[in-house]
Amino acid sequence: MLKVYLLLLFLGHIIGDFYLQTCTMAEKKMKSIKYFIIHCFLYALSMIVVLLPIWSMTLLSIVIALSISHLLIDSIKVFLTSRRSPQTNSTKYNKETLLFFLDQLLHSIMIFASAIYMIKSLPISNFHAIFVDFFNLFSLDHKYVIGIVLLFLINAKPFNIVIKKFLKKDMGTITAADSVKGSGAAIGTLERWIIIIFFLMSQYSSIGLVLTAKSIARYNKISENENFAEYYLLGTLISTILAVVSAILIK
């Protein structure tokens, strides 16, 4: 059951921390405790919703513990981010990137600890019959569906943010005047989704076609701009690695 608990808890985390938290809310958290409370409430709500298939009142303590720990970790991150200290653009980038990944690492540790606690302290939790029967109507494995939903969600907004954090240092040298706003993130998401579909179908050689098609579309920029070529290659490699590794872990 450990894998099932982890899938459910990480699904709740991804929804609550990335999809229910807008950029505006993330920015306003820096100035107002009200938005911390709203974020904490939405995070708890997302956890409750994803745990409904195995819900019992004993899980309420898990949701409360995760929500409070999430609030505390985010508060420490905001405090450290807002501290003023002499820094160049490079050190500012390093600080923000480090805090982002440290923040997510601590959240992940709490999720792993919660999953282990659920195994040791809760009775064997089976999925409620109504949930299982619904997926049986379509001849689907409900546990597999949960994993696939998590896989596609994490390869959208969360990984777009991760890649942006990795590449932010070099983005100042890249001009995007001729690009549609948000197109890069959308292309990256679709690219990873297609890679995942081919991976799940065991069509590994087809993954190369996706990368080739993307490279052809950017050929002029790659050949004319060395900075863009390096930026493009690094972004593509990170995106591909994230898609493949996440598919291996969740599959």
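Residues numbered from 1 in each chain as written. Predicted model: local features only at pLDDT ≥ 70, side-chain atom pairs only at ≥ 80, totals over all residues. Heavy atoms only, no water.

A. Examining the overall build of the protein chain more closely. Counting secondary structure elements, the protein chain contains 12 helices and zero strands. Listing the helices and strands of the protein chain from first to last along the sequence gives α-α-α-α-α-α-α-α-α-α-α-α. With 251 residues in all, the protein chain has 37% of them scored as buried. For the protein chain, the share of sequence-separated contacts (at least 6 apart) that also reach a separation of at least 24 residues comes to 76%. Looking at the protein chain as shown, the accessible area adds up to about 14600 Å², and 70% of this sits on carbon and sulfur atoms. (Helix = DSSP H or I, 4+ residues; strand = E, 2+ residues; numbered from the N terminus. Buried < 20%, exposed > 50% of the residue type's maximum accessible area, 1.4 Å probe, protein only. Contact = heavy atoms within 4.5 Å. Areas by Shrake-Rupley, 256 points an atom, 1.4 Å probe, with all protein chains shown as cover.)

B. Highlighting the nonpolar core. Core analysis: the biggest nonpolar cluster contains 44 residues, and Leu9, Leu51, Ile54 and Met118 have the highest contact counts within it. Of all the elements in the fold, those that place two or more residues in this core are α1 (2–19), α3 (33–51), α4 (60–82), α5 (89–121), α7 (142–154), α8 (157–167), α9 (183–200) and α12 (226–250). Considering every element that reaches this core, the biggest residue donor is α1, with 10 residues. Setting aside residues up to four positions removed in sequence, Leu51 forms contacts with Leu8, Leu9, Leu59, Val63 and Met118. (Core = buried A, V, L, I, M, F, W, Y, C linked by side-chain atoms within 4.5 Å.)

C. How the structure looks around the environment of Ile33. Within the secondary structure layout, Ile33 lies in helix α3. Taking the C-alpha atoms as reference, Ile33 lies 9.3 Å from Ser75; in sequence the two are 42 residues apart.

D. Region of interest: the packing of α9 against α12. Packing of α9 against α12 brings their axes to within 9 Å, and their N-to-C directions diverge by 40°. As summarised for this structure, α9 and α12 are arranged oblique, according to the angle between their axes. Here α9 runs over α12; the crossing is right-handed. Where α9 abuts α12, its residues Gly188, Glu191, Arg192, Ile195, Ile196 and Phe199 lie against Thr236, Ser239, Thr240, Ala243, Val244, Ala247 and Ile248. Classifying every residue of the contact of α9 with α12 gives seven nonpolar, four polar and two charged. (Axes fitted to C-alpha atoms, helices over the stretch in contact; angles between N-to-C directions. Parallel < 35°, antiparallel > 145°, perpendicular 65-115°, else oblique. Left-handed = near helix turned anticlockwise from the far one by under 90°. Nonpolar A, V, L, I, M, F, W, Y, C, P; charged D, E, K, R; others polar.)

E. Representation of α12. Here α12 spans 36 Å end to end across 25 residues, near enough to the 36 Å set by a 1.5 Å rise per residue. Residues Phe228, Tyr232, Gly235, Thr236, Ile238, Ser239, Thr240, Leu242, Ala243, Ser246, Ala247 and Ile250 constitute the buried set of α12. Of the surrounding secondary structure, the elements contacted by the buried residues of α12 are α1, α7, α8, α9, α10 (204–217) and α11 (219–224). The residue sitting at the N-terminus of α12 and contributing the capping side-chain oxygen is Asn225; that oxygen lies 3.0 Å from the backbone nitrogen of Phe228. (Expected span 1.5 Å × (residues − 1). Polar contact = N/O pair within 3.5 Å; in protein donor to acceptor, adjacent residues only side chain to side chain.)

F. Up close: the layout of surface pockets. Space inside the second largest pocket adds up to approximately 770 Å³. Of all the secondary structure elements, the ones that give two or more residues to the lining of the second largest pocket are α1, α5, α7, α8 and α12. (1 Å grid on protein atoms, 1.4 Å probe; cavity = no way out; pocket = protein on both sides within 12 Å on 5 of 7 lines; lining within 4 Å. Points joined across faces, edges and corners; volume = space filled by probe spheres on them.)

G. Quick peek at the side chain of His107. Relative to the assigned elements, His107 resides in helix α5. In this view, His107 contacts His13, Asp17, His70, Ile73 and Asp74; residues no more than four positions away in its chain are not counted.

H. Quick look at the environment of Met30. On the secondary structure map, Met30 appears in the loop between α2 (23–28) and α3. Judged by relative accessible area, which is 37%, Met30 ranks as partly exposed. Sequence separation between Met30 and Phe79 is 49 residues; the distance between their C-alpha atoms is 8.2 Å. Those residues in contact with Met30, other than ones at most four positions away along the chain, are Val78, Thr81 and Ser82.

I. A look at unusual backbone geometry. One non-glycine residue, Ser139, adopts positive backbone phi at about 55°. For Ser139, a relative accessible area of 68% translates into the label exposed. The residue Ser202 is not glycine, and still its phi comes out positive at about 60°. Of the residues examined, Ser202 reaches a relative accessible area of 40% and is grouped as partly exposed.

J. Region of interest: the packing of aromatic side chains. Counted by the stated rule, this structure contains 10 aromatic pairs. Judged by centre distance (5.6 Å) and plane angle (20°), the ring pair of Phe127 and Phe131 falls under stacked. Ring centres of Phe134 and Phe138 lie 5.4 Å apart, and the angle between their planes is 65°; this geometry places the pair in the edge-to-face category. For Phe138, a relative accessible area of 52% corresponds to the exposed category. These aromatic residues form a ring-pair network of at least three members: Phe127, Phe131, Phe134, Phe135 and Phe138. (Phe/Tyr/Trp six-rings, centres within 6.5 Å; stacked < 30°, edge-to-face > 60°.)

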